[in-house]
Amino acid sequence: MLIEALLVATLLAAGVVFFAPDRYAGKLAAVLSLLPLVGSLWLWLDFEGSGNALLDGSEIAYETTIEWMDIGYTLQWHVGLDGVSLPLIVLTTILTTAAIVSAWTPIDERQSQFYGLVLLLEFGLLGVFAALDFFVWFVFWEVVLVPMYFLIAIWGGPRRKYAAIKFFVYTNVASLIMFVGFLTLVFAMGDSVTTLGLPEVAQALQAGGAVGSIAGFAPETVKLFAFALMFFGFAVKVPVVPVHTWLPDAHVEAPTPVSVLLAGVLLKMGTYALLRFNFTMLPDVATDYAELIAVIAVISVIYGAMLALAQQDLKRIVAYSSISSMGYVILGLVAYTTYGVGGATFQMISHGFISGLMFMVVGVIYNETHTRMVGDMSGMADRMPWTVGIFVAAAFGYMGLPLMSGFAAEVFVFLGSFDAPYLSLAPLFTAAAMFGIVIVAGYLLWAMQRTLFGEFDLGTDYEVGRAPLHDVAPLAVLLACVIVLGVNPDLFMGMIQDAINPIVNSLGGGA
């Protein structure tokens, strides 16, 4: 019942903070957020699971299964963790605490409601990564949308309502399409499944022959239809090109702590779901259309990087770079090799820390300068040496500097995708994706050279000084996570590979 304890503690913390007085809501939220953080680290240190939670032969850690109700299919409370979901749980709790502390400076109104919604958001995210029954998983998936909508709409920038509505419409419509796709698949399986448990559905599909015809359509057509709907629904959340347009608006208008969670964790909901549903349940469809998926991945890498190169707003630069980074995840998943899928999963964790750090450091600079435009400032290194130093380190982590997590993640993805057995042009796809690193280096070095170095100049009428300790401390913690994972990727990579090997081995994929 450890997962339940983690969820209950987070939900109770959200309720307590929501009704607490504003004057100490931020401090209280930070303290209470340590409960799920410590709990997730305990789960990680005590983890004894093996295999993939959805496939046969696995040992699911911290599993609980309780029958709930029967609606033709048995609904059940089914939660548990494997080597894919546990690292994302840890990422979520670390980033939430860091985001709460980073909010102490910019959030100065309705603070109790803000921090309460952040903790409610964390509750939903933890549920998404722990749930193993589709109905429970979908409830948590939808819960996440509610606090994120209000966090953008109430505490965001001048166009906050437009950005919040756009975010909600895009992601809610995508959820509906994904929902139809999964239920189509389940209905076509007939008596092969009696519950909406994700392991039961995945194992029935793995055994073969579970999908029948529906409405006169052949089983292969039904599987393709279900795969396409689910892929589209999750791709919006990732997001990939061309369904990415909601992301820059949401990032730019959201307050910085919310951008940290949006880029660091919410985008991973999409890639996590793609791995769980599309690439685990329907690998035959994924391999049949591997070339098309790889094209989408590479376009996202290059196009996202080119869009970032054209931006003047530091927040938009980081936002578009997230689209590029998620393209690497898609490429690794479709490679269907141990390093490819494992590297894609590791990239989810690495990008969560690095993108969260990048957004946070941009927010700290904005707190002092009240501008994010590249042309409005220069010479920040003289006034904010610690913040700028962390900015430079984070940027080099984004560029794949050795001994940082971004380097390890990209190397794993490229090693896996180069020999992808289902991509006839695997070396070409890999080379094209690697070119994205060159573009990343271009826009980050350009932005840093313009804003951080040279003679001090500021286009706003504010005195710039060193950021307070509570602004710099979470930056240092996230940077430490990036370096530790870069020096020792096996802190997560070992359990990740153990969880993805059953997926790869079922298809006969290699390294």
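No experiment lies behind these values; they were computed from the predicted model shown. (Residues numbered from 1 in each chain as written. Predicted model: local features only at pLDDT ≥ 70, side-chain atom pairs only at ≥ 80, totals over all residues. Heavy atoms only, no water.)

Caption draft 1: Local environment of the pattern of salt bridges. Scanning all chains against the criterion turns up 6 salt bridges. A salt bridge links aspartate 284 to lysine 223; the shortest N-O distance between them is 2.5 Å. Taken as a pair, aspartate 284 in helix α11 (residues 283–288) and lysine 223 in helix α8 (residues 219–237) lie far apart in primary sequence, 61 residues in all. The salt bridge partner of arginine 372 is aspartate 313, with a shortest N-O separation of 3.1 Å. With a gap of 59 residues between them, arginine 372 in the loop between α14 (338–369) and β3 (377–378) and aspartate 313 in the loop between α12 (290–309) and α13 (314–335) connect regions that are remote in the sequence. (Salt bridge = Lys/Arg side-chain N within 4 Å of Asp/Glu carboxyl O. Helix = DSSP H or I, 4+ residues; strand = E, 2+ residues; numbered from the N terminus.)

Caption draft 2: Inspection of helix α3 (residues 85–102) at higher detail. For α3, which comprises 18 residues, the first-to-last C-alpha distance of 26 Å matches the rise-based estimate of 26 Å (1.5 Å per residue) to within 8%. Summarising burial for α3: 18 of the 18 residues are buried, a large majority. (Expected span 1.5 Å × (residues − 1). Buried < 20%, exposed > 50% of the residue type's maximum accessible area, 1.4 Å probe, protein only.)

Caption draft 3: Representation of the packing of aromatic side chains in the model. Counted according to the given criterion, the structure contains 31 aromatic pairs. When the ring of tryptophan 141 is compared with that of phenylalanine 234, the centres are 5.7 Å apart and the planes differ by 70 degrees; the resulting orientation is edge-to-face. Here the residue tryptophan 141 occupies a position in helix α5 (residues 134–155), and phenylalanine 234 occupies one in helix α8, the gap between them amounting to 93 residues. For the pair tyrosine 328 and phenylalanine 414, a centre-to-centre distance of 5.6 Å together with 80 degrees between the ring planes defines the contact as edge-to-face. Here tyrosine 328, found in helix α13, pairs with phenylalanine 414, found in helix α17 (residues 405–418); they are 86 residues apart in sequence, far enough to count as distant. The buried category is assigned to tyrosine 328, whose relative accessible area is 3%. (Phe/Tyr/Trp six-rings, centres within 6.5 Å; stacked < 30°, edge-to-face > 60°.)

Caption draft 4: View of the nonpolar core. Within the largest apolar cluster, 207 residues are counted, with the highest numbers of intra-cluster contacts made by Trp137, Phe182, Phe277 and Met281. Examining the composition of this core, we find that 16 residues originate from one element, helix α10 (residues 256–281), more than from any other. (Core = buried A, V, L, I, M, F, W, Y, C linked by side-chain atoms within 4.5 Å.)

Caption draft 5: Molecular detail of the pairing of strand β1 (residues 61–70). Relative to strand β2 (residues 74–81), β1 runs antiparallel, the two being bridged by 7 bridges. Paired with alanine 61 across the bridge in β2 is leucine 81. Hairpin connection from β1 to β2: 3 residues lie between these consecutive antiparallel strands, with glycine 72 at a positive phi of about 100 degrees. (Pairing = 2+ DSSP bridges.)

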